[in-house]
Amino acid sequence: MARKNNPIIGCLLLILLAVGAGIQLFKYNPVAGIAGVVGIVFLGGLVLYATRRKPCEMCGNFLERKKFFWNIDGEKKRVCSHCNQTFMRRQSRAATRNIR
Ligand SMILES: [Zn+2]
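In this report, we go over the structure that sits alongside the text. (Residues numbered from 1 in each chain as written. Predicted model: local features only at pLDDT ≥ 70, side-chain atom pairs only at ≥ 80, totals over all residues. Heavy atoms only, no water.)

**Regarding a nonpolar patch on the surface**
The following threshold applies: Residues enter patches when they are more than 30% accessible in relative terms and free of salt bridges; like-charged ones are connected within 9 Å and nonpolar ones (Val, Leu, Ile, Met, Phe, Trp, Tyr) within 5 Å. Method for areas: the Shrake-Rupley scheme with a 1.4 Å probe, in which residue coverage is limited to the protein chains shown. Salt bridge criterion: a side-chain nitrogen from Lys or Arg within 4 Å of a carboxyl oxygen from Asp or Glu. Put simply, DSSP marks the helices as runs of H or I at least four residues long and the strands as runs of E at least two long, and each gets a number from the N terminus on. With a 1.4 Å probe rolled over the protein chains alone, any residue whose accessible area is under 20% of its type maximum counts as buried; one over 50% counts as exposed, and the rest are partly exposed.
The grouping of Ile8, Leu12 and Leu48 at the surface amounts to a nonpolar patch, some 260 Å² of accessible area in total. Tracing the backbone shows Leu48 in helix α2 (residues 30–51). Since its relative accessible area comes to 33%, Leu48 is described here as partly exposed.

Encoded structure:
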């Protein structure tokens, strides 16, 4: 199964394009060429930073599109859907125990 969009490859392409355009621009106007490349690479880095994948804090798996937050021992934890299900089950089990 192919991944629909890989932000890292998109960013690399963007950076390659930026470098290519920068080299062309550099021939005519070195300062603008360098400024353009630095700006685009900086933007690419920002996009990469914003779209980077975070690991689940319980099992360490990389989070897919869905992520869940749970308060565990007073600490907010970011967990994957799998761990979320585990916590839901645990919570409902604890709830039914309290009722009985
Ligand atoms: Zn997990």
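**Topic: the coordination of the zinc ion**
Definition in use: Donor selection uses N, O and S atoms within 2.8 Å of the metal (3.2 Å for Na, K and Ca). Since no water is included, sites may look incomplete. Sites are called tetrahedral only when four donors show all angles between 85 and 135 degrees, square planar or octahedral only when four or six donors show opposite pairs over 155 degrees and all other angles between 65 and 115, and irregular in any remaining case.
Around the zinc ion, the protein supplies Cys56 (SG), Cys59 (SG), Cys80 (SG) and Cys83 (SG) as donor atoms, at distances of 2.2 to 2.3 Å. Metal-centred angles of 105 to 114° between the four donor atoms at the zinc ion mark the site as tetrahedral. Here the donor residues for the zinc ion map to a single chain with the spacing C-x2-C-x20-C-x2-C. Of the two residues, Cys59 sits in the loop between α2 and β1 (68–72) while Cys80 sits in the loop between β2 (75–79) and α3 (81–99), which places them 21 residues apart along the sequence.

**Some points on the pattern of salt bridges**
As enumerated under the stated definition, the model contains one salt bridge in all. Here Arg78 ties to Glu57 by a salt bridge, and the two come within 3.9 Å at their closest N and O atoms. Placement of Arg78 in strand β2 and of Glu57 in the loop between α2 and β1 is noted, with a sequence separation of 21 residues between them. What makes Glu57 partly exposed here is its relative accessible area of 36%.

No statement about biological role is implied by the geometric values presented.
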